[in-house]
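Structural overview for review
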Amino acid sequence: MWALRAAVRGGAWLSRAVRGCRPPRAALLPPPPRPERALAAVRGGLGCSEGREGGRGGPRAGGRRSRADGEEEPEDAEEEEDEEELLRRDPLLPSGTQRVCLVHPEIKWGPGKPQGTRAEWQVAEARALVCTLDGWSVVATMVVPTKTPDKKLIFGRGTLEQLTERIRGSPEITAVFLNVERLATPTKKDLEAAWRVPVFDRFTLVLHIFRCNARTKEARLQVALAELPVLRSHVKSNAAHLGGRGRSSRYTMGSGESFLQVQQRLLRDRETKIQKALERLRRKRRLLGQQRRRREFPVVSVVGYTNCGKTTLIKALTGDTAIQPRDQLFATLDVTAHAGRLPSALTVLYMDTIGFLSQLPHSLVESFSATLQDVAHSDLIVHVRDVSHPETELQKASVLSALGGLGLPDALLESMVEVHNKVDLVPGYTPVEPDVLAVSALLGLGLDELMARVEDAILRATGRRTLTLRVRLAGPQLSWLHQEATVQAVDVIPEAGAADVKVIISDSAYGRFQKLFPG
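Residues numbered from 1 in each chain as written. Predicted model: local features only at pLDDT ≥ 70, side-chain atom pairs only at ≥ 80, totals over all residues. Heavy atoms only, no water.

1. What to know about the sheet that holds strand β3 (residues 98-106)
The sheet built from four strands is open, its strands ordered β4-β3-β5-β6 with parallel pairing. Each edge of the open sheet carries a strand with a single partner, namely β4 (136-145) and β6 (199-200). Of the strand pairs in this sheet, β3 and strand β5 (residues 175-178) are connected by four bridges, and their pairing is parallel. Bridging from a neighbouring strand, Val-103 pairs with Leu-178 of β5. (Pairing = 2+ DSSP bridges. Helix = DSSP H or I, 4+ residues; strand = E, 2+ residues; numbered from the N terminus.)

As structure tokens, this is what we get:
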């Protein structure tokens, strides 16, 4: 039994996977440049629970933690150890330098033909996925027409023979990336036997990128959850292989379970543990979200297709020099918060979210649904589009489709602000659609107009309004307003011992002000 558990934990059936792709621990998220009151929300709120730490709790008093009901409960060290054990896995793909042959099956007609795209655009995105991995490069690209994408080997016999001859005749090729969403395990094994190099599909490649880029414990657990379908398919394939070679399928240590049944049960146990660990983190997320809402910091979720420039835009809007955008797919997997000021001096939190991808495997979307649920609790969505990309319309459709599957409130979707980024790469660009803003996050073009649009939308979404209140200079009102509202201007009236204070204040805060300081 111990050996079988070790196999499940270590991924023994992931043929010759090489250890070494443990995600590095990231440093604490640097504090935003302003203001201090947002610091706690940035470090704790809305799914970036510990900034960029790997999910470990912050400073604890006496080794205890707070529950949502305010009571204290002992820190369960065993739970922490179990979670770390769930994250100890071998990489799905070989480490080190890989020279990849990119094979793209082109479907020219029939129901499987992709709409709104072209083969060269799909190949370009597939190449970018490969080059995202350190040491990986594409040394050959083959766009191969096929009439039989649903058959076991995808290509017809003659086409497959030609592919095999070309791949075997190129000694520089060390792996093949077949640009299809998912390969059945028997298909993968047959192609590897024919081509004599490892073969991987879009699901495996994207999942491996996710695994290497995940930083927080929640993101790493969600990747571990998404890996389970791969592990289950390997279990079934190995069990069939053992049976075909005439080996005993019985588990001989008294349980009466077959080898396949034991490994399937261990995977079910693993899935249950991952789900429980994620639920513990989600409870903490909900508590921190409640604390953020009590502080009344408006939240702006910045969404978009992967590598559209979301992080660069947030850096430009906040002036946070600690943000370091990366020009690669899926550079952001963990939701992070960054504080910034609008023109009215109102503080908002910009949430940097995971990027979307067309043909993103369903199990990956399911696994990261909890992270994307942060969008549902925001006050405004800013949808960033890369208008320099030839498939910008298809990318928009992919993002809107994914957002539609989150069950977001209609009011949130209707108030969404669409931003066309990278206009510096499209000379003379002017948006055709109304109410769309054109910007260059890199060069700072159009940012003033965008911030004004965000401010207007936030004030409407959060029920804030601009008021001028007269307060006594000797009383606590002015100090209270600085704490609970956004003070824009103070006009002192010395002879009256008072001041007219122009503030942006929410309805709830104004109601508290009237109760505390009647008259």
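2. Here's the deal with the pairing of strand β7 (residues 299-304)
Of all six residues in β7, six are buried, a share of seventy percent or more. Burial along β7 is two-sided: the face carrying Val-299, Ser-301 and Val-303 and the face carrying Val-300, Val-302 and Gly-304 are both buried. Pairing of β7 with strand β9 (residues 347-352) involves four bridges; the strand directions are parallel. The partner of Val-299 across the bridge, within β9, is Leu-349. Pairing analysis gives five bridges linking β7 to strand β10 (residues 380-386), with the strands arranged parallel. (Buried < 20%, exposed > 50% of the residue type's maximum accessible area, 1.4 Å probe, protein only.)

3. Digging into helix α16 (residues 477-484)
For an α-helix, 3.6 residues make a turn, and residues three or four places apart therefore share a direction. For α16, the set of buried residues is Gln-477, Leu-478, Trp-480 and Leu-481. In an axial view of α16, the angular spread of the buried residues amounts to 160°, which keeps them on one side of the axis. (Arc of directions from axis to C-beta.)

4. Section: the sheet that holds strand β14 (residues 486-493)
Read across the open sheet, the three strands follow the order β13-β15-β14; overall the sheet is antiparallel. Two strands close off the open sheet at either side, each with one partner strand: β13 (464-472) and β14. Here the average twist between neighbouring strands, direction ignored, is 20°. Judged from the nine bridges that link them, β13 and strand β15 (residues 498-506) form a sheet pairing that is antiparallel. Bridge pairing in β15 places Arg-465 opposite Ile-505. (Axes fitted to C-alpha atoms, helices over the stretch in contact; angles between N-to-C directions.)

5. A closer look at the nonpolar core
Core analysis: the largest hydrophobic core is formed by 36 residues, its most contacted members being Val-130, Trp-136, Phe-177, Phe-200, Leu-205, Val-303 and Leu-403. For this core, the secondary-structure elements that each account for two or more residues are β3, α4 (119-131), β4, β5, α7 (202-213), α8 (217-244) and α13 (392-404). With six residues, the top contributor of residues to this core is α7. Not counting residues within four places of it along the chain, the set of residues in contact with Phe-177 comprises Val-100, Cys-101, Leu-102, Val-103, Ala-126, Val-130, Phe-200, Asp-201, Arg-202 and Leu-205. (Core = buried A, V, L, I, M, F, W, Y, C linked by side-chain atoms within 4.5 Å. Contact = heavy atoms within 4.5 Å.)

6. Focus: the packing of aromatic side chains
Summed over all chains, the structure comprises five aromatic pairs. Seen from their ring centres, Trp-136 and Phe-200 are 5.5 Å apart, and the 70° between their planes marks the pair as edge-to-face. Residue Trp-136 is located in strand β4, and its partner Phe-200 is located in strand β6; the two are separated by 64 residues in the primary sequence. Ring pairs connect the aromatic residues Trp-136, Phe-177 and Phe-200, which therefore count as one cluster. (Phe/Tyr/Trp six-rings, centres within 6.5 Å; stacked < 30°, edge-to-face > 60°.)

7. Focus: the side chain of Ser-170
Assignment of secondary structure puts Ser-170 in the loop between α5 (157-168) and β5. Assessed through its relative accessible area of 18%, Ser-170 is described here as buried. Separated by 2.8 Å, the side chain of Ser-170 and the backbone oxygen of Arg-166 make a polar contact. (Polar contact = N/O pair within 3.5 Å; in protein donor to acceptor, adjacent residues only side chain to side chain.)

8. Quick look at a nonpolar patch on the surface
Together, Leu-442, Leu-443 and Leu-445 make up an exposed nonpolar region whose accessible area comes to about 330 Å². Within the fold, Leu-445 resides in the loop between β12 (436-438) and α15 (447-462). (Patch = residues over 30% accessible without salt bridge, like charges linked within 9 Å, V, L, I, M, F, W, Y side chains within 5 Å. Areas by Shrake-Rupley, 256 points an atom, 1.4 Å probe, with all protein chains shown as cover. Salt bridge = Lys/Arg side-chain N within 4 Å of Asp/Glu carboxyl O.)

9. Re the environment of Leu-469
Mapped onto the elements, Leu-469 comes out in strand β13. What makes Leu-469 buried here is its relative accessible area of 10%. Spatially, the C-alpha atoms of Leu-469 and Ala-499 are 8.1 Å apart, while their sequence positions differ by 30 residues. Ignoring sequence-local partners within four residues, the contact set of Leu-469 consists of Leu-481, Ala-499, Asp-500, Val-501, Val-503, Tyr-510 and Phe-513.

10. Brief notes about the side chain of Thr-187
Within the secondary structure, Thr-187 sits in helix α6 (residues 185-195). For Thr-187, a relative accessible area of 6% corresponds to the buried category. If near-sequence neighbours (up to four positions away) are discounted, Thr-187 is found in contact with Lys-152 and Leu-153.

11. Section: unusual backbone geometry
With a phi angle near 65°, Arg-196 is a residue other than glycine that sits in the positive phi range. You can see Arg-196 is positioned in the loop between α6 and β6. Note on Arg-196: relative accessible area 61%, which makes it exposed.

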